[in-house]
Amino acid sequence: NPLDFKGNIVNSRKEQITTVNTSHQGMGVFTLTPVEGESYYLQGDTEEKMYPLPAAQPLGISMAVNNLQDEDLSICLMRHPQHAPTKALGLTTMCRGRIIRFDQIHWEADNTATITLKKADLPEGVNQFTLFDTEGRVYADRLTFIPIRQQINFSITNKKQEYRPKEKVEMS
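Only a predicted model underlies this, so the values are computations on that prediction, with no experimental measurement involved. (Residues numbered from 1 in each chain as written. Predicted model: local features only at pLDDT ≥ 70, side-chain atom pairs only at ≥ 80, totals over all residues. Heavy atoms only, no water.)

**A short note on the pairing of strand β2 (residues 16-24)**
Stated formally: Each pair of strands is called paired provided DSSP finds at least two bridges between the two strands. Think of it this way: any DSSP run of H or I at least four residues long counts as a helix, any run of E at least two long counts as a strand, and we number them from the N terminus.
Examined bridge by bridge, strand β1 (residues 6-11) and β2 share five bridges and lie antiparallel to one another. Residue I9 lies in a different strand from β2, and its bridge partner there is T18. Taking the residues that link successive antiparallel strands as the turn, the β1-β2 hairpin has four residues, and the phi of K14 there is positive, at about 65°. For β2 and strand β3 (residues 27-28), the ladder comprises two bridges, and the chain directions are antiparallel. The partner of H24 across the bridge, within β3, is M27. Adjacent in sequence and paired antiparallel, β2 and β3 are bridged by two residues, among which Q25 carries a positive phi angle near 50°.

Structural data, given as structure tokens:
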């Protein structure tokens, strides 16, 4: 079952860096810009135990998904100036195990790349974005949720109030 969670990201000196709150069925979001050589932990508001986060790599590519606009979703990639993969990079969008689209990454001079997608072109539900190279090495992976666009309203009415056992039921 999904868990509601409130807590903090803390560093090795137990200083609060940012807060973490789930917003729906255990899902939430937080932003962390790690400092090289520092360790980070997740700590709940009501407990002393700290759970270590994976160590940040000194070189690499970060991915941020902005799902806050009404019609568009943007995926922002940033790479370290010294990190220039020699292989082409691609970004897949998947939903429920199916590839929805594929984009080849084209870097700007400032080592960023942005892909803007129309939410109407994405399936409802959880969409997964994966950045990888031609050898299948994954550089970044993010999930985002596209809500239901239109509720389907309908009603069913029985033709009779009561039915006998094994009697054919008629509805409209």
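**As for the side chain of R79**
The test is simple: Accessibility here uses a 1.4 Å probe with only protein chains present; expressed as a share of the type maximum, an area under 20% marks a residue as buried, one over 50% as exposed, and anything in between as partly exposed. Positive: Lys, Arg. Negative: Asp, Glu. His and the chain ends are not part of the count. By definition here, a salt bridge exists when the distance from a side-chain nitrogen of Lys or Arg to a carboxyl oxygen of Asp or Glu is within 4 Å. As used in this structure description, the phrase polar contact means that two N or O atoms lie within 3.5 Å; if the pair is within protein, one of them must be able to donate a hydrogen and the other to accept it, and residues adjacent in sequence are counted only when both atoms belong to side chains.
With respect to the element layout, R79 can be found in strand β7 (residues 72-79). No salt bridge is formed by the buried R79; the nearest opposite charge belongs to D110, separated by 8.2 Å. In terms of polar contacts, R79 uses its side chain to reach the side chain of N111, at 2.8 Å.

**Section: the packing of aromatic side chains**
To keep things clear, this is the line we draw: In this scheme Phe, Tyr and Trp rings, the latter by its six-membered ring, pair at centre separations within 6.5 Å, and the angle between planes marks the pair as stacked below 30 degrees, edge-to-face above 60, and tilted otherwise.
A full pass over the atoms with the stated rule returns one aromatic pair. Ring centres of F102 and F132 lie 6.2 Å apart, and the angle between their planes is 50°; on these two criteria the pair is classed as tilted. Placement of F102 in strand β9 (residues 98-104) and of F132 in strand β11 (residues 125-133) is noted, with a sequence separation of 30 residues between them. Relative accessible area serves as the criterion here: at 48%, F102 is assigned to the partly exposed category.

**Focus: the pattern of salt bridges**
With the rule as written, the count across this model stands at five salt bridges. Taking the shortest distance from any N to any O, the salt bridge between R101 and D103 comes out at 2.7 Å. The class for D103 is buried, based on a relative accessible area of 13%. Put simply, R13, E15 and E38 are held in one network by salt bridges that share partners.

**Concerning the environment of K160**
Tracing the chain through its elements places K160 in the segment after β12 (138-146). Judged by relative accessible area, K160 falls into the partly exposed class, the value being 37%. A C-alpha to C-alpha distance of 42 Å links K160 and A120, two positions 40 residues apart in sequence. Polar contacts involving the side chain of K160 include one to the side chain of E167, which spans 2.4 Å.

**Quick look at the sheet that holds strand β10 (residues 112-118)**
The condition that has to hold: Here an angle of 0 to 180 degrees is reported between the N-to-C directions of two axes, which are lines fitted to C-alpha atoms, with helices fitted over the stretch in contact.
Sheet architecture is open: three strands sit in the order β6-β7-β10, paired in antiparallel fashion. The open sheet has two edge strands with one neighbour each: β6 (61-66) and β10. Neighbour to neighbour, the strand axes of the sheet diverge by 15° on average, direction disregarded. Alignment of β7 against β10, held across seven bridges, turns out to be antiparallel. By the bridge assignment, S74 is partnered in β10 with T116.

**Concerning the sheet that holds β3**
The pairing of strands in a sheet comes from backbone hydrogen bonds and takes either a parallel or an antiparallel form. Taken together, five strands build an open sheet; the order of strands is β3-β2-β1-β4-β5 and the sheet is antiparallel. Here the strands that pair on one side only, and so sit at the sheet edges, are β3 and β5 (50-52).

**With respect to the nonpolar core**
Formally: In this text, buried Ala, Val, Leu, Ile, Met, Phe, Trp, Tyr and Cys residues form a nonpolar core when linked through side-chain atoms within 4.5 Å.
Of all hydrophobic cores here, the largest spans 17 residues; its most connected members are M63, I75, L77, L91, I105 and L131. Those elements that place two or more of their residues in this core are β6, β7, β8 (89-95), β10, β11 and β12.

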